[in-house]
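The primary structure of each chain is shown beneath.
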Number of protein chains: 2
Amino acid sequence: MTRRPAPHLLSRKDLERFFARDIDRHIPHLILDCAVFGFHNSDLKVLLIKWKGMNIWSMPGGYVRKTEPLDAAANRILQVHTGLRNVHLRQFHTFSGLNTSQRPVKQFYAKLGIRVPADAWPLKRLVAVGYYALVDFLRVRPSADYMADTCAWYGVDDRPRLAFDHEEILQSAREALRATLDVPSAGATLLPSRFTMPELQRLHEAILGRQLDRRNFQKKMLDRGDIERLAERRRGGAHRAPFLYRFRSGRAGDPL
Amino acid sequence: MTRRPAPHLLSRKDLERFFARDIDRHIPHLILDCAVFGFHNSDLKVLLIKWKGMNIWSMPGGYVRKTEPLDAAANRILQVHTGLRNVHLRQFHTFSGLNTSQRPVKQFYAKLGIRVPADAWPLKRLVAVGYYALVDFLRVRPSADYMADTCAWYGVDDRPRLAFDHEEILQSAREALRATLDVPSAGATLLPSRFTMPELQRLHEAILGRQLDRRNFQKKMLDRGDIERLAERRRGGAHRAPFLYRFRSGRAGDPL
DNA sequence: CCAAAAGTGTTGCAATTACACCCATGC
DNA sequence: GCATGGGTGTAATTGCAACACTTTTGG
């Protein structure tokens, strides 16, 4: 994961131009929604956005350009809100978007004073391609664009209720994440490059939603052979200083 | 799975009406493609369609109506080509559809003498939602509509080369199928309601692509507790007559 | 009666789970 | 010095893989 200044946060002018012209450069009735997971203080976090001036919370999302691959769109959308590039992303499901017809999107744009044609497709049914992203919590700079009051981390089990079908999408994303936990990449991208064994264990526990045995966990991780112990230990905490580890293979998405 | 007369095979008139009017009732730039799997003579089969008058093979697909859930669209598309309703269906991935811009779709409609506007979205990029279906081979009546010369079963490893991104989609469908083989539903829907243990085993072997041990397989299946042995045996074959089994729970999609 | 497929049970290995003791550190 | 968390090894269990003999059937 590389942090760069977010290249282009949506401004009011962008938004006006979108409905005036840019809308035709996008695939109509298609949206890409992204559950961004981070890990901090033993808790699994998710990045949420509050819509400007409304009591609506959702996960980051965006439209797909007509010549843009889905994965590229996911990366672009993610970069806007996190400042990160080449994040670990995975498509997990596509949602019909039919229970979302009552979305107060029209009122939202009216409140902002943006002219939107009554039959514009962003006001209608949106088929949503769901992605989840695993990011290093500390490297993310949550960025709210013109449409948002706030963009911030919340505990996945301690957060505002999400609008539209985003409760379902988040639920589904967590299940997909759980299913792919056996691959090393999950830990590799959710943790800083150097981490302790208890940290890695609490991450797994947060994703799986149950406690694990300390000794068995350590054995399993080390037997897998993809992490290595460093000479250094983590100082400063109370109690015995734990060893630091790092993933052996180049971490996916790290800068070259 | 219920067999009914296919309610509506696409006719020439339907096709003309689609481009004249019905196209606006569908979600633009979105297609739903379906890998239909069957099992026969120890072989995993897939249902393929040859485009009328062209050397193009693909899996069944279709467009999604504006008020139609994705699962419903998949069921509808499937019913057209197989005559089956309430088939075991599973969405597995959504494809960008960008490598398919060179599709000879324009020539196809020209050959058929159907007027299609040059900028109509079915000629452009199509994001494809991929489903796979598991069906009882013997109950399927493959039906070719007006756009197709033939609709027929082929061995998944002994078939024409597929056009567009359908090779990738089929590949991906097989992997998704393999991953969900541990759930009983796979066997339950690919086999007739009564089957023998060797039949079930050969099905699993076909999906997994490797041989399994006869004794361990039988133990595992019976321990799972979802199939039961019937008093009857399958007669007529050479050699010792094998027992018949059936799935315990009501098979998904069976008529009430 | 014989070839070929179907039915059954046991044994060994590997992976997972359970569990107890010692060590280091900050207060 | 003591409470708290971190580091390590061993025994028990469970699940999976390997394996051989008997039974049935048609020809």
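Calculation notes
Residues numbered from 1 in each chain as written. Chains lettered and ligands numbered in written order. Predicted model: local features only at pLDDT ≥ 70, side-chain atom pairs only at ≥ 80, totals over all residues. Heavy atoms only, no water. Domains from an automatic or database assignment. Contact = heavy atoms within 4.5 Å. Buried area = accessible area lost by both parts, 1.4 Å probe. Near = heavy atom within 4 Å. Polar contact = N/O pair within 3.5 Å; in protein donor to acceptor, adjacent residues only side chain to side chain. Helix = DSSP H or I, 4+ residues; strand = E, 2+ residues; numbered from the N terminus. Nonpolar A, V, L, I, M, F, W, Y, C, P; charged D, E, K, R; others polar. Least-squares fit on C-alpha atoms with pLDDT ≥ 70 in both. Phe/Tyr/Trp six-rings, centres within 6.5 Å; stacked < 30°, edge-to-face > 60°. Buried < 20%, exposed > 50% of the residue type's maximum accessible area, 1.4 Å probe, protein only. Lys NZ or Arg CZ within 6 Å of the ring centre and 35° of its normal. Salt bridge = Lys/Arg side-chain N within 4 Å of Asp/Glu carboxyl O. Axes fitted to C-alpha atoms, helices over the stretch in contact; angles between N-to-C directions. Parallel < 35°, antiparallel > 145°, perpendicular 65-115°, else oblique. Pairing = 2+ DSSP bridges.

A. Structural context of the domain arrangement of chain A. All names here are of chain A. Entries for chain A in the domain assignment read domain 1 (2-178) and domain 2 (184-247). Summarising the inter-unit geometry, the C-alpha centres of domain 1 and domain 2 are found 31 Å apart. The interface of domain 1 with domain 2 comprises 13 residues on the first partner and twelve residues on the second. For the domain 1 and domain 2 pair, buried surface summed over both sides reaches about 1100 Å², with 69% attributable to carbon and sulfur atoms.

B. Representation of the protein's contact with DNA strand C. Every one of the 22 residues lining DNA strand C counts as a neighbour, but A:Arg215, A:His239, B:Arg214, B:Arg229 and B:Phe243 are closest to it. Per the 4 Å cut-off to the protein, sugar and phosphate atoms form 47% of the nearby atoms of DNA strand C. B:His239 places a side-chain nitrogen or oxygen 3.4 Å from a base nitrogen of DNA strand C. Contributions of two or more residues to the surface near DNA strand C are made by helix H7 (214-224) of chain A together with helix H6 (197-208) and helix H7 (214-224) of chain B. Per-class residue counts for the surface near DNA strand C are five nonpolar, five polar and twelve charged.

C. Inspection of the relation of the copies chain A and chain B at higher detail. At an RMSD of 0.1 Å, chain A and chain B line up after a rotation of 179 degrees and a shift of 0.0 Å along the axis. What we have between these two chains is a two-fold relation. Taken together, the interface assignments show that 100% of the residues at the interface of chain A recur at the interface of chain B, consistent with an identical surface on both copies.

D. Molecular detail of the packing of aromatic side chains. Residues and elements named next belong to chain A. This model, assessed by the stated rule, comprises 26 aromatic pairs over all chains. When the centroid spacing of 5.3 Å and the interplanar angle of 80 degrees are considered together, the rings of Trp57 and Tyr154 count as edge-to-face. Residue Trp57 is located in strand E4 (residues 57-58), and its partner Tyr154 is located in strand E9 (residues 148-155); the two are separated by 97 residues in the primary sequence. Look at Phe92 and Phe95: their rings are 6.1 Å apart centre to centre, the planes differ by 70 degrees, and that puts the pair in the edge-to-face class. In terms of burial, Phe92 and Phe95 fall into one category: buried. Feature note: the residues Phe18, Phe19, Trp51, Tyr63, Phe108, Tyr109, Trp121 and Phe164 constitute an aromatic cluster, connected by ring pairs. A cation sits over an aromatic face here: Arg233 above Phe243, 3.9 Å from the ring centre.

E. Structural view of H7(A). Backbone nitrogen of A:Arg215 and a side-chain oxygen of the N-cap are separated by 3.0 Å at the start of H7(A); the cap is A:Asp213. Positive backbone phi, at 80 degrees, marks A:Gly225, one or two positions downstream of H7(A).

F. Molecular detail of the environment of A:Leu123. All names here are of chain A. Topologically, Leu123 is positioned in the loop between helix H3 (105-112) and strand E8 (127-134). Separated by 17 residues in the primary sequence, Leu123 and Lys106 have C-alpha atoms spaced 6.5 Å apart. With sequence-adjacent residues up to four places away left out, Leu123 is seen in contact with Val105, Lys106, Tyr109, Val116, Pro117 and Ala118.

G. Quick peek at the interface of chain A and chain B. Contacts between the two partners involve 20 residues from chain A, matched on the other side by 20 residues from chain B. Between chain A and chain B, roughly 1400 Å² of surface is buried when both sides are summed, and carbon and sulfur atoms account for 62% of that area. The tally of links from chain A across to chain B stands at zero salt bridges. Grouping the constituent residues of the side of chain A that touches chain B by class yields ten nonpolar, six polar and four charged.

H. The packing of H6(B) against H7(B), seen in detail. Residue and element names in this part refer to chain B. Interaxial distance between H6 and H7 falls to 10 Å at its minimum, and their mutual angle equals 100 degrees. With respect to H7, the element H6 is oriented roughly perpendicular. Seen from H6, the contacting residues are Met197, Leu200, Gln201 and His204; seen from H7, they are Arg214, Phe217, Gln218, Met221 and Leu222. Along the lines of polarity and charge, the residues of the contact of H6 with H7 split into five nonpolar, three polar and one charged.

I. Seen up close, the protein's contact with DNA strand D. Around DNA strand D sit 21 residues, and of these A:Arg214, A:Arg215, A:Phe243, B:Arg215 and B:Arg240 come closest. Separating a base nitrogen of DNA strand D from a side-chain N or O atom of A:Arg214 is a distance of 2.5 Å. Those elements giving two or more residues to the surface near DNA strand D turn out to be H7 of chain A together with H7 of chain B.

J. Highlighting the pattern of salt bridges. All names here are of chain A. All told, the structure shown has 30 salt bridges over all chains when counted by the stated rule. Among the salt bridges present, the one from Glu16 reaches Arg12, with a minimum N-O distance of 3.1 Å. Of this pair, Glu16 and Arg12 both sit in helix H1 (residues 12-20), four residues apart, which is roughly one turn of that helix. A residue is classified by how much of its surface remains accessible, and Arg12, at 29% relative accessible area, is partly exposed. Salt bridges sharing partners connect three or more residues here, namely Arg21, Asp22 and Arg25.

K. Broad picture of the sheet that holds strand E11 (residues 227-233) of chain B. Residue and element names in this part refer to chain B. Taking strand neighbours across the sheet as the criterion, the three strands line up as E10-E12-E11 in an open arrangement whose pairing is antiparallel. The open sheet has two free edges, formed respectively by strand E10 (195-196) and E11, since each of these has just one partner strand. Where E10 lies against strand E12 (residues 243-247), two bridges are found, and the strand directions are antiparallel. The residue of E12 that forms the bridge with Thr196 is Leu244.

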